[in-house]
Amino acid sequence: MNRSQENYERWLSSSKVSAEDKGILRKMDEKEIDDAFYQDIEFGTAGMRGILGPGTNRMNLFTVKKATIAFALFLLEKYPNAREAGVVISHDNRHMSREFTLNSASILNKMGIKAYIFDDLRPTPELSFAVRHLKTVGGIMITASHNPKEYNGYKVYDECGCQLVPFKIARLLKIIKELPNELDIEAKADNHPGKTIVLSHDVDDEYVALVEGISLERKLDKKGFKIVYTPQHGTSYENAMRVFHDLGYEIYPVAAQCVHDPDFGATLSPNPEVEDAYIEPLKLAHELDANLIVMTDPDGDRCGLAYKKKDGSWERLNGNQSAALLLEYMCEAHLRHGDLPADGVIYDTIVSSSLARKIAEHYGLKVETFLTGFKYIGERIHHYEVLGGGPTFFFGYEESYGCLIAPFVRDKDGLQAILLYSEMANYYYRQGKTLDEVYMTLLEKYGGHYTLDDSLAFKGSEGQKEMKDLLNNLRVQTPKEIGGLSVIGVDDYLKGRTFDLLQNKEEEISLDRSDVLRFRLEDGSWIAIRPSGTEPKCKFYIEACGSAHEDLKNKAQKLLESFKAIALNH
């Protein structure tokens, strides 16, 4: 009997598993059993994320209980004041999110730790802020971000309001590994149980006030500039509407998507990276003759952006394009106000566009690049705070629509982003410019750049092996050419080495180890591949470089097709 079958039989025979769940289990076919039971749901550096339902590889009360007990043990071991300082817990709009929140709070209390919860759902960035504001020793966010309705997730935060980076989470992972299985484990009762405190709306007020404070042109006229907004059924609606109304924007919410619906009934996708997420906002934008569409994803840490072009048509900006536009706007605004920091720094990732780096360097800002995962950016901000005398944080972003402007939050913040994107678009509108004109000026100034991404899904235990084999084969047989362009360098973040193929040299990469390969091409273009940290799929990232007026979109697509053919035929 293999592991999947053993776990399956263990659940079927357990008195702790409900009759309803056993009914679901009995209806599973062999592939479904394998996917639900072939492993314990992975608790990695991004926490847990998976499909809801019975099984060791699923999100349910048993797997959440085990994670919470492990986190409590970790905190009690690490922080002498953990019991009194407590933990903040927040959640999104998904199925079981409130149940997971209340269950986690109860477990913490049983183990002697105070828990702070909100009266209802709240966005991820506000959870990060609340940890810092209340000076707790950690935080838990129940969310599956932009994943489909079948998913939920569980993320943990340190005392800085930042997700735990590898060197911090290593001990927690060891604790989880040493615990009994999810059905047998029970929380050990403390002699002095903790309490659960429902937070007042003062936390919302403080957070909203700080978001409003990042505005660079608060007095800018907003009349006639119409913005369509959608929270994609998620957590940011209330805060976002407060911010926009307080600052005087003409904001028009997509009413059907402002309901906290766990089934995402009024959207085909809650993911700002997907075209289907813009169907309903575009309908309203056309009806109103609006100028801009902004959206936050369900847990409010990422944003999406679409704008009306000069010719009246609408276009979406991807995360690299929008970040480049925003960075240029911020630099120009701070120059106008005379407060552009001489020691400023921006943070990005190894799969972010090189365009933002060129902008930063033009304005004298330093650039530091990290692995994907905003926790690395949050941790770097903290590092310099503790060190003292470090560079001044100016901007941080990921290519997947995540960015941070002011570090009172230590995760990406969709509300900060949509506020400054709206201000930026309105600022240029007052000058008679649309964002396509501004972006073309940007490319003429810094050179042509176009990025795209894609993915391949892998299911079950065999899928995980296929994904690993795919990357390992690319290591063994490095492609010499992709899409007609010579490969001149390879960055292997698992080996921690960068290889210069022209000069036959190699150097160390001073980042944590991660299963990522990045191929540098002769004209400055590049391609990267990595397994997703949150979903069972392999992700591809491409940047095509050239002149401002070159068809780089087509070039990037050809590079992607060529690389996928190479990877799959290895």
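We now turn to the structure provided with this report.

Calculation rules
- Residues numbered from 1 in each chain as written.
- Predicted model: local features only at pLDDT ≥ 70, side-chain atom pairs only at ≥ 80, totals over all residues.
- Heavy atoms only, no water.
- Pairing = 2+ DSSP bridges.
- Helix = DSSP H or I, 4+ residues; strand = E, 2+ residues; numbered from the N terminus.
- Axes fitted to C-alpha atoms, helices over the stretch in contact; angles between N-to-C directions.
- Contact = heavy atoms within 4.5 Å.
- Parallel < 35°, antiparallel > 145°, perpendicular 65-115°, else oblique.

1. Focus on the sheet that holds strand S13 (residues 366-370)
For step 1, the next point in the chain: Taken in spatial order, the four strands make up an open sheet running S13-S12-S14-S15, and their pairing is mixed. In the strand order of this sheet, the two ends are held by S13 and strand S15 (402-404), each with one partner. Neighbouring strand axes in the sheet, compared pairwise and without regard to direction, differ in orientation by 15 degrees on average.
For step 2, the next point in the chain: In the sheet, strand S12 (residues 344-349) pairs with S13 via five bridges, with the strands oriented parallel. From the neighbouring strand, Thr349 faces S13, where its bridge partner is Phe370.
For step 3, the next point in the chain: Against the sheet, helix H13 (residues 355-362) contacts S12, S13 and strand S14 (392-398), and its axis sits at roughly 175 degrees relative to S12.

2. Points about unusual backbone geometry
For step 1, the next point in the chain: Residues other than glycine seldom take positive phi values, yet Phe264 does so here, at roughly 50 degrees.
For step 2, the next point in the chain: On the secondary structure map, Phe264 appears in the loop between strand S8 (250-253) and helix H11 (279-288).
For step 3, the next point in the chain: Unlike most non-glycine residues, Asp289 shows phi in positive territory, near 55 degrees.
For step 4, the next point in the chain: With respect to the helices and strands, the residue Asp289 is situated in the loop between H11 and strand S9 (292-296).

3. A look at the packing of helix H7 (residues 124-134) against helix H9 (residues 202-212)
For step 1, the next point in the chain: In the contact formed by H7 and H9, the axes pass within 10 Å of each other and the chain directions differ by 110 degrees. With respect to their mutual orientation, H7 and H9 come out roughly perpendicular. On the side of H7, the interface is formed by Pro125, Glu126, Phe129, Ala130 and His133, while H9 contributes Val203, Asp204, Glu206, Tyr207 and Leu210.

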